[in-house]
Amino acid sequence: MAEEDQGALPSKGDFSAWYNELLWRAEIMDVRYPVKGLYVWYPFGFSLRRNVYDLLRLLLDRDHQEALFPLLIPEHELAKEAEHIKGFEDEVYWVTHGGLSPLDVKLALRPTSECAIYPMYALWVRSHADLPLKIYQIVNTFRYETKHTRPLIRLREITSFKEAHTVHTTWEDAERQVGEAIALYREFYEKLCVPVIISRRPEWDKFPGADYTMAVDTVMPDGRTLQIGTVHHLGDHFSKTFQITYEDVAGEQRFAHQTCYGISERSIAALISMHGDDRGLILPPDPAPVQVVVIPITIGKRKDEVSAEAAGIERELAGAGFRVKVDSRDIRPGAKYYYWEMRGVPLRLEVGPRDIDAGQVTAVTRLGEKSQVARDALVAGVTGCLASFAATLKERAEAHVRTHIRVSRSMDEVLAAVGDGVTLVPWCGSRECADLIEEKTRAAVLGTDVRSAYLVDVSGPCVACGKQGSTALVGRSY
Ligand code: P5A
Ligand code: ZN
């Protein structure tokens, strides 16, 4: 990297500008691909993606199986579930030709894979002994989004769609799975140090074809929410459509009950946005592509000695399982600091002649906390630095969300709160009142049954009509 390239990022206070600039400066995404809503992962971004999705796989692999279904869905399968197709028809890309010949059956690029997977489930599920069935895949999906597209946030090709599809004997068993999926997503976001708010989406905002939808939201730096995961109870709607039946213990044929739940690269958008600062990315140790960077301070004579020391540190840390890199490029240390700060590396180790003489390494976290680590207790020292760094990141993120959730008991208070955050509001549950709130504040009722560490019960007169209401989450979202 030429040192001339060191422009400053826009301040994070201007979140949109900051986000767009960071994506290319930190080499996450290149937005210059000539199709709207499609973006390119740089190698660095892709290694971040791999680490994030490895964490997700690890959680799922406890009791799910990974599989892979086709990208193309025949029109007659996609059209089978009436509500589902109604929800997606405006967003589907169609393949109509093979070469120059029109196809007999139009093929959809999957907007999500219910209609690719469930015809196969109808063949696979025979008996209660086959259930529960829990399968996931990580694939690209296509949605012709008409709202403003944004890298990692609103894509027309979602490149990293993790979708799980489960089949159960009873509605209650599927509901238990909804709970397990929420717990799994909580655990996933803990590893990314991203605080979440869980709620039940209003009827009109549920997944097309679902009984109900539980959503996982986070609060972005500008106070708008981002839906970073959803869990849907599908009841027996799809099993009736696709004839997914099983023989119960008594030998009767019964319709199965299903759930599905998904996460996309919005998880990475949240990770980047939650923690980053004016100098670039800040990554928690778990997903960071490089966890520790070693910078040899080789000014002066003892260059070889310092290089050897840096190499020894790298060997020892790599041996202990850390993702570590020595930056021995022939540029100023300051330029290296800038470079690795932009890429969010949690811990920088500096080694110079003075450190060698003192039997230590200078450790600086990406949040600027400096300490000395004894060379002969390197692994323990680095482990400690990274753990306390992760704890601080989590605390910082939680403070952000905590200070951006307010309580409102009137429309004016809602209006004031949603300018830079979300708010808990008494709401009677009616569509009319939700519409009125939206009209007056440009913020939507995101959900009820709110589950968050910052929850306050605000049951009382609905902010729109004054009838008895219970706690709803209201905010402007991406
Ligand atoms: C659940 C998995 C589904 O599609 N079918 C299989 C269900 N749900 S969903 O809510 O429509 O999508 C799941 C999550 O994907 C993210 N997402 C997107 N991310 C980026 N760009 C998009 N255009 C996009 N659309 C949805 C959301 O986080 C959503 O919760
Ligand atoms: Zn009301």
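As the structure is a computational prediction, the values presented were derived from the model and not from experiment.

## Examining the site of ligand 1
Then step 1. Looking at ligand 1, there are 22 residues lining it, with Glu114, Glu145, Gln227, Thr230 and Ser264 nearest.
Then step 2. Between Glu145 and ligand 1, the recorded distance is 2.8 Å, taken from a side-chain N or O atom to a nitrogen atom.
Then step 3. A distance of 2.7 Å separates an oxygen atom of ligand 1 from a polar atom in the side chain of Thr230.
Then step 4. Protein contact buries 96% of the 600 Å² of open area that ligand 1 shows by itself.
Then step 5. Of all the secondary-structure elements, those providing two or more residues to the shell around ligand 1 are β8 (157–168), β11 (225–235) and β14 (257–263).
Then step 6. Broken down by element, the shell around ligand 1 gets its largest block of residues, five residues, from β11.

## A word on helix α8 (residues 266–275)
Every α-helical turn comprises 3.6 residues, leaving residues that sit three or four positions apart pointing alike.
Then step 1. Extensive coverage of α8 is indicated by the burial of 10 of its 10 residues.
Then step 2. Within α8, the full set of buried residues consists of Arg266, Ser267, Ile268, Ala269, Ala270, Leu271, Ile272, Ser273, Met274 and His275.

## A few points about the pattern of salt bridges
Then step 1. Summed over the entire model, instances satisfying the criterion amount to 29 salt bridges.
Then step 2. A salt bridge links Glu75 to Lys106, with the nearest nitrogen and oxygen atoms 3.9 Å apart. Highlighted residues: Glu75 in helix α3 (residues 75–78) and Lys106 in strand β6 (residues 101–109), separated in sequence by 31 residues.
Then step 3. We note a salt bridge from Lys80 to Glu77, for which the minimum N-O separation is 3.0 Å.
Then step 4. For Lys80, a relative accessible area of 41% translates into the label partly exposed.
Then step 5. A relative accessible area of 13% means that Glu77 is categorised as buried.

## Some points on empty space enclosed by the protein
Then step 1. Overall, the coordinates contain one cavity of 30 Å³ or more when judged by the stated rule.
Then step 2. In this structure, the largest cavity encloses a volume near 30 Å³.
Then step 3. In this structure, the largest cavity is lined by Met29, Tyr39, Leu152, Leu155, Glu157, Thr159 and Glu265.
Then step 4. For the lining of the largest cavity, a count of residues per class yields four nonpolar, one polar and two charged.

## What about a nonpolar patch on the surface?
Then step 1. A surface patch of nonpolar side chains, about 240 Å² in accessible area, is lined by Tyr33, Val35 and Val40.
Then step 2. In this structure, Val35 sits in the loop between β1 (29–30) and β2 (40–41).

## Brief notes about the coordination of the zinc ion (ligand 2)
Then step 1. Bound to the zinc ion (ligand 2) are the protein donor atoms Cys428 (SG), Cys433 (SG), Cys462 (SG) and Cys465 (SG), situated 2.3 to 2.4 Å from the metal.
Then step 2. Bound by four donor atoms, the zinc ion (ligand 2) shows angles of 104 to 115° at the metal and therefore tetrahedral coordination geometry.
Then step 3. If you list the donors of the zinc ion (ligand 2) from N- to C-terminus, the spacing comes out as C-x4-C-x28-C-x2-C.

## Observations concerning the packing of aromatic side chains
Then step 1. One pass over the structure, following the stated rule, counts 17 aromatic pairs.
Then step 2. Relative to Tyr121, the ring of Tyr118 has its centre 5.7 Å away and its plane inclined at 25°; by these criteria the two rings are stacked. Taken together, the residues span about one helical turn, with Tyr118 and Tyr121 both in helix α5 (residues 114–124) at a distance of three residues. Of the two residues, Tyr118 and Tyr121, neither departs from the other in class, the shared state being buried.
Then step 3. Ring geometry for Tyr121 against Trp124: centres 6.0 Å apart, planes inclined by 45°, an arrangement best described as tilted. Of this pair, Tyr121 and Trp124 both sit in helix α5, three residues apart, which is roughly one turn of that helix.
Then step 4. Using a relative accessible area of 0% as the deciding quantity, one classes Tyr121 as buried.
Then step 5. The rings of Phe69, Tyr118, Tyr121, Trp124, Phe238 and Phe242 are connected pair by pair, giving a single aromatic cluster.
Then step 6. The ring of Tyr53 has Arg49 sitting right over it, with the charged end atom 5.3 Å from the ring centre.

## Structural notes on the environment of Ile356
Then step 1. Here Ile356 lies in helix α11 (residues 353–358).
Then step 2. For the pair Ile356 and Arg375, spaced 19 residues apart in sequence, the C-alpha separation works out to 8.3 Å.
Then step 3. If we ignore the near neighbours within four places in the chain, the residues touching Ile356 are Arg302, Glu305, Val306 and Glu309.

Rules behind the numbers
- Residues numbered from 1 in each chain as written.
- Chains lettered and ligands numbered in written order.
- Predicted model: local features only at pLDDT ≥ 70, side-chain atom pairs only at ≥ 80, totals over all residues.
- Heavy atoms only, no water.
- Near = heavy atom within 4 Å.
- Polar contact = N/O pair within 3.5 Å; in protein donor to acceptor, adjacent residues only side chain to side chain.
- Areas by Shrake-Rupley, 256 points an atom, 1.4 Å probe, with all protein chains shown as cover.
- Helix = DSSP H or I, 4+ residues; strand = E, 2+ residues; numbered from the N terminus.
- Buried < 20%, exposed > 50% of the residue type's maximum accessible area, 1.4 Å probe, protein only.
- Salt bridge = Lys/Arg side-chain N within 4 Å of Asp/Glu carboxyl O.
- 1 Å grid on protein atoms, 1.4 Å probe; cavity = no way out; pocket = protein on both sides within 12 Å on 5 of 7 lines; lining within 4 Å.
- Points joined across faces, edges and corners; volume = space filled by probe spheres on them.
- Nonpolar A, V, L, I, M, F, W, Y, C, P; charged D, E, K, R; others polar.
- Patch = residues over 30% accessible without salt bridge, like charges linked within 9 Å, V, L, I, M, F, W, Y side chains within 5 Å.
- Donors = N, O, S within 2.8 Å, 3.2 Å for Na, K, Ca; no water.
- Tetrahedral: all angles 85-135°; square planar, octahedral: opposite > 155°, others 65-115°.
- Phe/Tyr/Trp six-rings, centres within 6.5 Å; stacked < 30°, edge-to-face > 60°.
- Lys NZ or Arg CZ within 6 Å of the ring centre and 35° of its normal.
- Contact = heavy atoms within 4.5 Å.

Taken by themselves, the reported measurements are silent on function.
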